[in-house]
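Close look at the chain arrangement
One-letter residues, chain by chain:
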Amino acid sequence: MSDLLPIVPASPDATSDAHCEDSPRPLPPRAKVDGPRGRYFIHTWGCQMNVHDSERMAGQLEHLGFGQADSEEDADIVLLNTCTVRETSAAKVYGKLGDLRRLKRANEKMVVGVCGCLAQQERDALFAKAPHLDLVIGPRAIPQLARHVESILETRQRVRDTAPWTETVGAGSEESLRQSFPKAFLTIQEGCDKFCTFCVVPFTRGREKCRPLDVLLAEIEGLADRGFREFEMLGQNVNCYRDDAGHDLADLLLRAADIRGVERLRFVTSHPRHLSDRIVAAMAHEKVARALHLPVQSGSDAVLARMERDYTRADYMARIARLKAMNPDIALQTDIIVGFPGETEDDFQATLSLLEEVAYEGVYSFKYSPRPYTKAAKSFEDDVPESVKADRLARLQAYQDQLQAPRDAARVGLVEEVLVDGMSKRSDAEVAGRTSRNRVVNFPGAPDLIGLLVPVRVTEARAHSFRGEIAGPTR
Ligand code: SAM
Ligand code: SF4
């Protein structure tokens with residue numbers, strides 16, 4: 001259900017007081033498509049799921065007859081696809097909304113929308129804060145985007161659609177504009193029932209809901225027929241996937257692996273508590289990537305308990321041991337929060353020691369920020385000073401780099417299969433792609449390698465990527 005509100009014209013004397021320091025991610029560049037009805041531009045903040053939600057929105061706008069603009073200045077429809085997981089991302093959206101107020105003053109017909117988690121969190125309050133907004137839609141309303149845009153264009157009435165529940169999770173996915181060839185993203189599960197005390201996701205994305213296995217397999221088959229070779233299954237809690245017929249993620253991986261043309265399968269993000277033995281066993285399949293993102297958040301049991309993560313450090317390590325027993329070369333990545341309420345230096349040291357014990361290939365680390373509605377924000381004092389949070393973050397990142405360097409150096413000389421996904425950012429004479437372990441490799445090659453699997457000998461380990469040379473026939 002959407003709520004229709006009358007449009008309030010942008011206040012001519014309103015000014016932008018917010019400043020956007022970091023750029024959000026636009027959809028990746030490609031040849032400009034002229035749409036008979038005008039152009040759109042989408043800014044995307046947040047996780048891979050948001051990036052794919054933007055692909056779903058772009059696909060609907062192109063079906064309506066809009067083409068992709070190079071910039072917001074050049075667009076008739078500007079959408080901000082937002083994230084509120086951390087305070088910093090939410091602040092940046094308000095900064096961007098301030099910029100758009102100026103643009104809308106110059107072009108009153110421009111449609112400006114806020115989509116995703118900030119829309120769900122703020123609802124009508126967004127219209128009050130940004131009177132130039134036409135559209136506010138939550139993550140579950142994405143399948144309705146085209147209908148809402150048509151309604152705004154016809155009636156010039158504002159639309160808010162932040163219904164927490166629809167039965168259409170992932171609906172219209174087949175319409176997505178796919179800009180990550182030869183890899184395709186698929187939302188298989190939305191929402192989260194876990195309510196970790198720091199996290200706003202259950203409040204913005206709603207309760208867990210999964211798409212049926214047969215629908216997903218049909219979509220993968222269609223994409224594989226179009227030449228897509230790698231598929232990444234997305235969900236806030238992706239390894240909790242279970243459809244109404246009882247199929248789990250292991251079923252999905254094994255059935256998808258049998259589809260002609262499918263070469264690689266990944267999934268993100270997994271919760272350690274639900275990494276079942278069935279999933280671990282399915283991960284041994286040759287088409288399932290040798291990489292797993294398994295956020296631990298902290299190495300201290302006291303902090304994990306206050307976060308209500310539902311596992312201890314020993315539980316986490318037991319799962320890692322099972323994974324490594326089945327899959328010795330697996331590359332593990334994680335998320336860490338520093339400065340959670342009550343985190344002592346000893347707790348932080350426990351996290352540092354976990355980095356060494358697990359031997360992660362990648363660590364995404366964040367300073368804790370209290371989020372609306374969450375138990376931590378309501379019940380715990382945000383008592384770790386900002387300077388201590390910043391110091392711990394810097395020490396954590398430096399320690400991870402120090403641990404990682406010799407492991408990367410040890411891979412020089414090995415041959416890894418790289419799925420080429422584009423030209424290298426540094427050189428027109430080089431292509432880039434990812435290994436099964438999810439590491440970027442750049443190597444000399446021509447654009448016709450894009451979409452192929454290439455054996456590449458690693459010749460150099462750089463800070464966050466490798467260089468290499470072709471070491472055998474492509475396929
Ligand atoms: N579902 C995943 C899990 O269970 O680990 C996490 C998804 S969350 C959208 C992405 C990451 O953002 C989390 O793993 C956490 O490290 C970070 N995060 C979430 N809430 C945060 C907060 N209030 N402050 C800082 N970082 C936060
Ligand atoms: Fe947030 Fe916890 Fe759900 Fe992950 S499992 S999305 S951290 S509530």
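Above: the structure in question.
So, a few notes on the structure that sits alongside this text. The shown structure was predicted, so the numbers you read here are calculated from the model rather than taken from an experiment. (Residues numbered from 1 in each chain as written. Chains lettered and ligands numbered in written order. Predicted model: local features only at pLDDT ≥ 70, side-chain atom pairs only at ≥ 80, totals over all residues. Heavy atoms only, no water.)

Time to look at the nonpolar core. Counting 55 residues, the largest nonpolar core has Phe 231 and Phe 267 as its most contacted members. With sequence-adjacent residues up to four places away left out, Phe 267 is seen in contact with Met 233, Val 238, Leu 249, Leu 253, Ile 279, Met 283, Val 288 and Leu 292. In this structure, Leu 97, Leu 100, Met 110 and Leu 126 belong to the second largest nonpolar core, which totals 22 residues. (Core = buried A, V, L, I, M, F, W, Y, C linked by side-chain atoms within 4.5 Å. Buried < 20%, exposed > 50% of the residue type's maximum accessible area, 1.4 Å probe, protein only. Contact = heavy atoms within 4.5 Å.)

At a minimum axis separation of 12 Å, helix 11 (residues 313-326) and helix 12 (residues 345-358) run at an interaxial angle of 10°. When the axis of helix 11 is compared with that of helix 12, the two are roughly parallel. Here helix 11 runs over helix 12; the crossing is right-handed. On helix 12, the residues that touch Arg 313, Tyr 316, Met 317, Ile 320 and Lys 324 of helix 11 are Ala 350, Ser 353, Leu 354, Glu 357 and Val 358. A breakdown of the residues in the contact of helix 11 with helix 12 according to their chemical character gives six nonpolar, one polar and three charged. (Axes fitted to C-alpha atoms, helices over the stretch in contact; angles between N-to-C directions. Helix = DSSP H or I, 4+ residues; strand = E, 2+ residues; numbered from the N terminus. Parallel < 35°, antiparallel > 145°, perpendicular 65-115°, else oblique. Left-handed = near helix turned anticlockwise from the far one by under 90°. Nonpolar A, V, L, I, M, F, W, Y, C, P; charged D, E, K, R; others polar.)

The next point concerns the site of ligand 1. Around ligand 1 lies a shell of 17 residues, among which Arg 86, Gln 236, Gln 297, Asp 335 and Ser 369 are the nearest. Arg 86 places a polar side-chain atom, nitrogen or oxygen, 2.8 Å from an oxygen atom of ligand 1. Contact between ligand 1 and Asp 335: an oxygen atom at 2.6 Å from a side-chain N or O atom of the residue. Here ligand 1, which alone exposes 570 Å², has 90% of that area covered by the protein. Tallied by class, residues from the shell around ligand 1 come to seven nonpolar, five polar and five charged. (Near = heavy atom within 4 Å. Polar contact = N/O pair within 3.5 Å; in protein donor to acceptor, adjacent residues only side chain to side chain. Areas by Shrake-Rupley, 256 points an atom, 1.4 Å probe, with all protein chains shown as cover.)

Residues Phe 181 and Pro 182 are joined by a peptide bond in cis, for which omega reads 5°. A cis geometry characterises the amide bond from Val 268 onward to Thr 269, with omega recorded as 5°. Looking at the element boundaries, Thr 269 is found in the loop between strand 13 (264-268) and helix 9 (277-282). The phi angle at Glu 308 is positive, at roughly 55°, despite the residue not being glycine. Checked against the element boundaries, Glu 308 lands in the loop between helix 10 (301-307) and helix 11. Under the relative-accessibility criterion, Glu 308 is labelled partly exposed at 36%. For Asp 310, which is not glycine, the phi torsion reads 75° and is therefore positive.

Examined against the element boundaries, Gly 362 turns out to sit in strand 16 (residues 362-367). Along the sequence, Gly 362 and Gln 397 sit 35 residues apart, while their C-alpha atoms lie 10.0 Å from each other.

In this section: the pattern of salt bridges. Enumeration according to the criterion identifies 42 salt bridges in this entry. Across the salt bridge formed by Arg 178 and Glu 219, the nearest N and O atoms sit 3.2 Å from each other. Pair noted here: Arg 178 is in the loop between strand 8 (158-161) and strand 9 (183-187) and Glu 219 is in helix 7 (residues 213-225), with a separation of 41 residues, a long-range link. Glu 219 sits in the buried class, given a relative accessible area of 9%. We note a salt bridge from Asp 391 to Arg 395, for which the minimum N-O separation is 3.0 Å. A residue pair is termed a helical-turn pair when its members lie 3 or 4 positions apart in one helix, as Asp 391 and Arg 395 do in helix 14 (residues 386-409) at four residues. Because the salt bridges share partners, they merge into one network encompassing Asp 329, Glu 361, Asp 408, Arg 411, Glu 416, Arg 437 and Arg 439. (Salt bridge = Lys/Arg side-chain N within 4 Å of Asp/Glu carboxyl O.)

Strand order in the open sheet formed by three strands is 14-15-16, with parallel pairing between adjacent strands. Two strands lie at the open edges of the sheet, namely strand 14 (291-293) and strand 16, each paired on one side alone. Strand after strand, the sheet turns through a mean of 15° between neighbouring axes, direction not considered. Pairing geometry for strand 14 and strand 15 (residues 331-338), over three bridges, is parallel. Counted as the bridge partner of Leu 292 is Leu 332 from strand 15. This element, helix 14, spans strand 15 and strand 16 of the sheet and lies at about 175° to strand 16. (Pairing = 2+ DSSP bridges.)

What follows covers the sheet that holds strand 18 (residues 430-435). Pairing is mixed in the closed barrel, where five strands are placed in the order 17-18-19-21-20. Strand-to-strand twist across the sheet, computed as the mean angle between neighbouring axes with direction ignored, equals 50°. Taken together, the five bridges between strand 20 (residues 453-461) and strand 21 (residues 466-470) define a ladder with antiparallel strand orientation. Paired with Val 458 across the two strands is Gly 468, which belongs to strand 21.

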